[in-house]
Amino acid sequence: MKQTIFTKAGVIAAAALFALATQTTAQTTKTETHNHSHAASEPSLINKADVQDRELSDWADDWQSLYPLLQDGTLDPVMTHKAESGKKTAEEYRAYYEVGYKTDVERILIDDSTVTFFQDGQPRLGQYTYDGYEILTYESGSQGVRYVFKKMGGDAAAPQFIQFSDHEIVPTKVDHYHLYWGNDRAALLKEVTNWPTYFPANLSGDEVAARMMAH
């Protein structure tokens, strides 16, 4: 899927486990390809009663995309590390993340209600307000939460909706996240293969790789 903030197509990510018996409020998708655990606190089952609303301030920071770091080889040690205990070779992991991380938005700046997308160094700015969360249940049974924000002003080229997935279900500051964006709220919820991922912009590539291998 081509990802750009100038199209009306969405762009996006997410993961965690859920029992089908609690699907009353869940959104069901046909496939599930992004299923990894980053932290011991990530729930294996998500009880809707435990999920809390969150503010955009949870993601306030200056963020860099992982995609350029994957392309230039900085994340090669991460792929090798994954292969040591995973079910894929380093090359297969790299191909998997090539699809997952792919994006032409290299930087995102989040400040108060403003989200600025940098594409080829050019900013596109939007003001966003909270639009609730969605619990997604995948065919495999794995499950995750998307936190949705809707544009209320800003540049026409900025997406109408953004959706965060960071493996958290309560208010908390995060050290990375997957972001989905586009102009169709429902369509974004169906995206499970492309999940642009962002780490703090003040980290060097080697620092990012070290953090990823520490998970």
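Moving on: the nonpolar core. Residues Ile-108, Phe-164 and Tyr-177 are the most contacted members of the largest nonpolar core, which totals 25 residues. Sorting the residues of this core by element identifies strand S3 (105–111), strand S4 (114–119), strand S5 (122–137), strand S6 (143–154), strand S7 (161–165) and strand S8 (177–182) as the ones contributing at least two each. When neighbours within four sequence positions are excluded, Tyr-177 is seen to be in contact with Trp-59, Trp-63, Ile-108, Ile-110, Phe-164, Ser-165, Asp-166, Pro-196, Thr-197 and Tyr-198. With 18 residues, the next largest nonpolar core counts Leu-66, Tyr-67, Val-78 and Tyr-93 among its residues.

We now examine helix H3 (residues 90–101). Within an α-helix, residues lying three or four positions from one another point in the same direction, as the helix has 3.6 residues per turn. Taking 1.5 Å of rise per residue, 12 residues should cover 16 Å, and H3 covers 16 Å from first to last C-alpha, within 8% of that figure. Structurally, H3 contributes buried residues whose contacts are with helix H1 (67–71), helix H2 (76–85), strand S9 (197–200) and helix H5 (205–214).

Now for the pattern of salt bridges. For the structure on display, the rule yields 7 salt bridges. The salt bridge partner of Arg-54 is Asp-166, with a shortest N-O separation of 2.8 Å. One end of the pair, Arg-54, is in the loop between strand S1 (26–28) and strand S2 (61–65); the other, Asp-166, is in the loop between S7 and S8, and 112 residues separate them in sequence. Accessibility assignment for this pair places Arg-54 and Asp-166 in one class, buried. Ionic pairing is found between Arg-185 and Glu-134, a salt bridge with its closest N-O pair at 2.8 Å.

Per-residue confidence for the chain gives a mean pLDDT of 84; residues scoring 70 or more make up 80%. Considering only residues more than four positions removed or in separate chains, one finds that residues 1–33, a stretch of pLDDT under 50, has 118 contacts. Here residues 35–43 is a poorly scored stretch, pLDDT under 50, and it has 20 contacts once near neighbours within four places are set aside; other chains count.

Another point: H5. Looking only at H5, the buried set comprises Gly-205, Val-208, Ala-209 and Met-212. Across the axial projection of H5, the buried residues extend over an arc of 100 degrees, all falling on one side. Along H5, the residues that are exposed and aim more than 90 degrees away from the buried face are Asp-206 and Ala-214.

Take the pairing of S7 next. Where burial is concerned, most of S7 is hidden: 5 out of the 5 residues are buried. Residues Phe-161, Gln-163 and Ser-165 line one face of S7 and the alternating positions Ile-162 and Phe-164 line the opposite face, and both faces are buried. Note: S6 against S7, 4 bridges, orientation antiparallel. In the strand pairing of S7, Phe-149 is matched with Ile-162. Hairpin connection from S6 to S7: 6 residues lie between these consecutive antiparallel strands. Note: S7 against S8, 5 bridges, orientation antiparallel. Bridge assignment links Phe-164 to a residue of S8, and that residue is Leu-179.

The rules behind each value
Here the residue index of a chain counts from 1 through its sequence in written order. For a predicted model such as this one, the threshold for reporting local features is a pLDDT of at least 70, and the threshold for listing and counting side-chain atom pairs is 80 or more; totals across whole chains, interfaces and linings nevertheless cover every residue. Hydrogens and waters are ignored; side-chain quantities use all the structure's heavy atoms. Nonpolar cores were defined as sets of buried Ala, Val, Leu, Ile, Met, Phe, Trp, Tyr and Cys residues, with membership established by side-chain atoms within 4.5 Å. The classification of residues rests on relative accessible area computed with a 1.4 Å probe and restricted to protein chains. Under 20% of the type maximum is buried, over 50% is exposed, and intermediate values are partly exposed. In this text, helices come from DSSP runs of H or I with a minimum length of four residues, and strands from runs of E with a minimum of two, each type numbered from the N-terminal end. Every residue pair with non-hydrogen atoms within 4.5 Å of one another is taken to be in contact. In this analysis, the expected span of each helix is defined as 1.5 Å times one less than the number of residues it contains. Salt bridge, as used here, is a side-chain nitrogen of Lys or Arg placed within 4 Å of a carboxyl oxygen of Asp or Glu. What pLDDT expresses is the predictor's confidence in each residue, scored from 0 to 100. In this context, the arc is that of the directions from the helix axis out to the C-beta atoms. Strand pairing follows a simple DSSP-based rule, namely that at least 2 bridges must link the two strands.

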